[in-house]
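Descriptive structure summary
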Amino acid sequence: MSVRILALVGSLRAGSHNRQLAEAAAKLAPEGAQVEIYEGLADVPFYNEDIDVPDNVPAAAAKLREAANASDGFLFFSPEYNGTIPAVLKNAIDWLSRPYGAGAFTGKPVVVVGTAFGQYGGVWAQDDTRKAVAIAGGKVLEDVKLSVPGSVTRFAEIHPSDDAEIVEQLTEVVNRLHSHAGEVTAA
């Protein structure tokens, strides 16, 4: 049985370095694992309990929940916007945290990585993402981290999948998440 890992990318920009990291992760998935980059976060309306009504959830939010519920684990790619998590990721977490106590993250492993222009690679945003996902019920793997600083210069002329150091580190991240997600699948 294949382990399904859903990748959520916090940047909507076409040339996003976090999107490129996600593409690299998908290529590096070990045998027996599939990393699927979720498309459509930009279409999900801001969370509002008034529109989160059984049998009438907005189509984009329902599609996100369906993909998340079918996943065995999650891999977040977070840039840092003004020192914190991008709204698109926080909104996805809000939708996936419901219904309360039975959201899509419940009991599933979650890893948060990313890259940003600053010298710390977006660690504040990644820490905020870990906190929000843990509160939403995810099993955050606190010891599996990757923060790549200086994205604008580091990836100016090279895709992350062509950077040997990044490939090595990202392979380790994906393998560790795969291992934990496999435990969920086997249970």
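Look a little higher up for the structure.
So, here's what we can say about the structure. (Residues numbered from 1 in each chain as written. Predicted model: local features only at pLDDT ≥ 70, side-chain atom pairs only at ≥ 80, totals over all residues. Heavy atoms only, no water.)

If you tally the helices and strands in the chain, you get six helices and five strands. From first element to last, N terminus to C terminus, the chain shows the α and β order β-α-β-α-β-α-β-α-β-α-α. Taken against the 2.2 N^0.38 rule, which gives 16 Å for 187 residues, the C-alpha radius of gyration of the chain at 16 Å falls within 12% of a compact globule. Over its C-alpha atoms, taken along the principal directions, the chain stretches across nearly 45 × 40 × 25 Å. (Helix = DSSP H or I, 4+ residues; strand = E, 2+ residues; numbered from the N terminus. Rg over C-alpha atoms; globule rule 2.2 N^0.38 Å.)

In this section: the pattern of salt bridges. Per the stated rule, a full pass over the model turns up nine salt bridges. The closest approach of N and O atoms between Glu23 and Arg19, which form a salt bridge, is 3.4 Å. In this pair, Glu23 and Arg19 are both assigned in helix α1 (residues 17-28), four residues apart and thus about one turn of the helix distant. Where Arg19 meets Glu39, a salt bridge forms, and the shortest distance between an N and an O atom there is 2.7 Å. A residue pair is termed long-range when its members are at least 10 positions apart, and Arg19 in helix α1 and Glu39 in the loop between β2 (33-37) and α2 (59-69) qualify at 20 residues. With a relative accessible area of 44%, Glu39 lands in the partly exposed category. Connected via shared salt-bridge partners are Arg19, Glu23 and Glu39. (Salt bridge = Lys/Arg side-chain N within 4 Å of Asp/Glu carboxyl O. Buried < 20%, exposed > 50% of the residue type's maximum accessible area, 1.4 Å probe, protein only.)

Now for the nonpolar core. Grouped together as the largest cluster of nonpolar side chains are 28 residues, with contacts concentrated most on Leu8, Leu64, Phe76 and Phe105. Of all the secondary-structure elements, those providing two or more residues to this core are β1 (3-9), α2, β3 (73-77), α3 (87-96), β4 (109-115) and α4 (123-135). Among the elements that line this core, the one with the most residues is α3, at six residues. Apart from the residues lying within four places of it in its own chain, the contact partners of Leu64 are Leu8, Tyr38, Leu41, Val44, Ala92, Trp95 and Leu96. Val3, Val111, Leu141 and Ile166 belong to the second largest nonpolar core, which has 25 residues in total. (Core = buried A, V, L, I, M, F, W, Y, C linked by side-chain atoms within 4.5 Å. Contact = heavy atoms within 4.5 Å.)

Another point: the pairing of strand β5 (residues 139-148). As defined by bridge partners, β4 adjoins β5 across six bridges and the pair is classed as parallel. Across the sheet, the residue bridging to Thr115 is Val148, located in β5. For the crossover that starts at β4, traverses α4 and ends in the parallel β5, the hand is right-handed. (Pairing = 2+ DSSP bridges. Right-handed = clockwise from strand over helix to strand, strands pointing away.)

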